[in-house]
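Summary of the model geometry
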Amino acid sequence: NNIPNPSSATEEWDVKVSIQDSRGVWSDEYLAKTIKVYRYVAPTANATVNRHGTTPTTIVTSISFTYSPLTIGGSVKNNLNLTLRGGYVGDTAAKLTSKEYTSTSGTWAPTITGVANTRSYIVGLIMDDGITSTTIEIGRVGTEEVPLDVYKNGIGVGKIHSGGST
C-alpha cells in the first residue's frame, strides 16, 4: 500500500502479485512483472492579484507555476491548462481567460480589463494537467481605493461607494 515516489523521472520496478481468496488462503503462484513508474507531482502555483495602480478598471495577476509533464517516448502526454476565473462578489464566477503550457514551470501574467471600480472581485485559478485538477482562490480585489468618495446615496471612506445602505 505504501508505494514510494520514484526518485528519478522514470524507474523500473519489479512487482510480484498473488491473490487471496475469501477464506484468507493465498495462491501458491504469483505473477511477476517489471513496470515503469513515472515521477508525478501535482501542479502548484503562487499568485497575486491587484487592481492596476493607474487604471482601476483593470485587474493585474501574476502566477508562477510548476507541474510534472508525463513524457513517454519523447512526447508529453499531459499539458498543463491554466484557467483564470473570476466574478464580482455575490455573482457566480465566470471564465475569463485560459492558457495551455507544456513547460515544467513558468509565469503567466494575464490582465482582466473592464471591471467596475465599484465592485469587489474574487479571482481563482484552475490548474488541470490531465491527471489532477485543482482550483485555488488567488485572492479578492476590493473596490478602487480613494481617500473619500461622496455619492448622492452615500459615501465611501478609503474606497469607492459600493451601494451598501441607501
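Now for a look at the structure at hand. Nothing here was measured: the structure is a model prediction, and the numbers come from that model.

Cut-off values and rules
- Per chain, the residues get numbers from 1 upward, laid out in the order the sequence is written.
- It should be noted that, the model being predicted, local features are given only for residues of pLDDT at least 70 and side-chain atom pairs only at 80 or more, the latter also being counted only at that level, while totals for whole chains, interfaces and linings use all residues.
- Where side-chain values are given, they derive from all heavy atoms of the structure, hydrogens and water being excluded.
- Numbering goes from the N terminus for both helices and strands, where a helix is a DSSP run of H or I of at least four residues and a strand is a run of E of at least two.
- Only protein chains enter the accessibility calculation, which uses a 1.4 Å probe; a residue is then buried when its area is under 20% of its type maximum, exposed when over 50%, and partly exposed in between.
- The criterion used for residue contact is that any of the two residues' heavy atoms lie within 4.5 Å.
- Only the protein chains shown count as cover for residues, with accessible areas throughout obtained via the Shrake-Rupley method and a probe of 1.4 Å.
- By convention in these notes, a salt bridge is any Lys or Arg side-chain nitrogen within 4 Å of a carboxyl oxygen on Asp or Glu.
- Polar contact criterion, stated in full: a pair of N or O atoms within 3.5 Å, where within protein one must be able to donate a hydrogen and the other to accept it, and residues adjacent in sequence count only if both atoms are side-chain atoms.
- The nonpolar core is taken to be a set of buried Ala, Val, Leu, Ile, Met, Phe, Trp, Tyr and Cys residues, with the residues joined through side-chain atoms within 4.5 Å.

Further remarks concern the overall build of the protein chain. Across its full length, the protein chain holds 0 helices and 14 strands. Taken over 166 residues, the protein chain has a buried fraction of 27%. Residue pairs at least 24 apart in sequence account for 49% of intrachain contacts in the protein chain once pairs closer than 6 positions are excluded. Carbon and sulfur atoms provide 49% of the accessible area of the protein chain, an area that totals close to 10,800 Å².

Let us look at the pattern of salt bridges. It is possible for side chains bearing opposite charge to pair when their charged atoms get close. For the structure shown, the criterion picks out 2 salt bridges. One salt bridge connects Asp21 with Arg23, and the closest N-O pair in it is separated by 2.6 Å. Its salt-bridge partner being Glu137, residue Arg140 comes within 3.2 Å of it at the nearest N-O pair. Exposure remark for Arg140: the relative accessible area of 54% places this residue in the exposed category. Residue class for Glu137 comes out partly exposed when judged on its relative accessible area of 47%.

By secondary structure assignment, the location of Thr61 is in strand S4 (residues 58-66). Separated by 2.7 Å, the side chain of Thr61 and the backbone oxygen of Pro110 make a polar contact. Beyond its immediate stretch of four places on either side in the chain, Thr61 contacts Thr48, Val49, Leu84, Trp108, Ala109, Pro110 and Val123.

Attention now goes to the nonpolar core. Grouped together as the largest cluster of nonpolar side chains are 18 residues, with contacts concentrated most on Ile59, Leu80, Leu82, Leu84, Trp108, Leu125 and Ile138. For this core, the secondary-structure elements that each account for two or more residues are S4, strand S7 (80-88), strand S11 (121-128) and strand S12 (133-141). When residues in this core are grouped by element, the largest group, 4 residues, is from S11. Filtering out sequence-adjacent residues up to four positions away, Leu80 remains in contact with Pro43, Phe65, Tyr67, Lys99, Glu100, Tyr101, Met127, Asp128 and Asp129.

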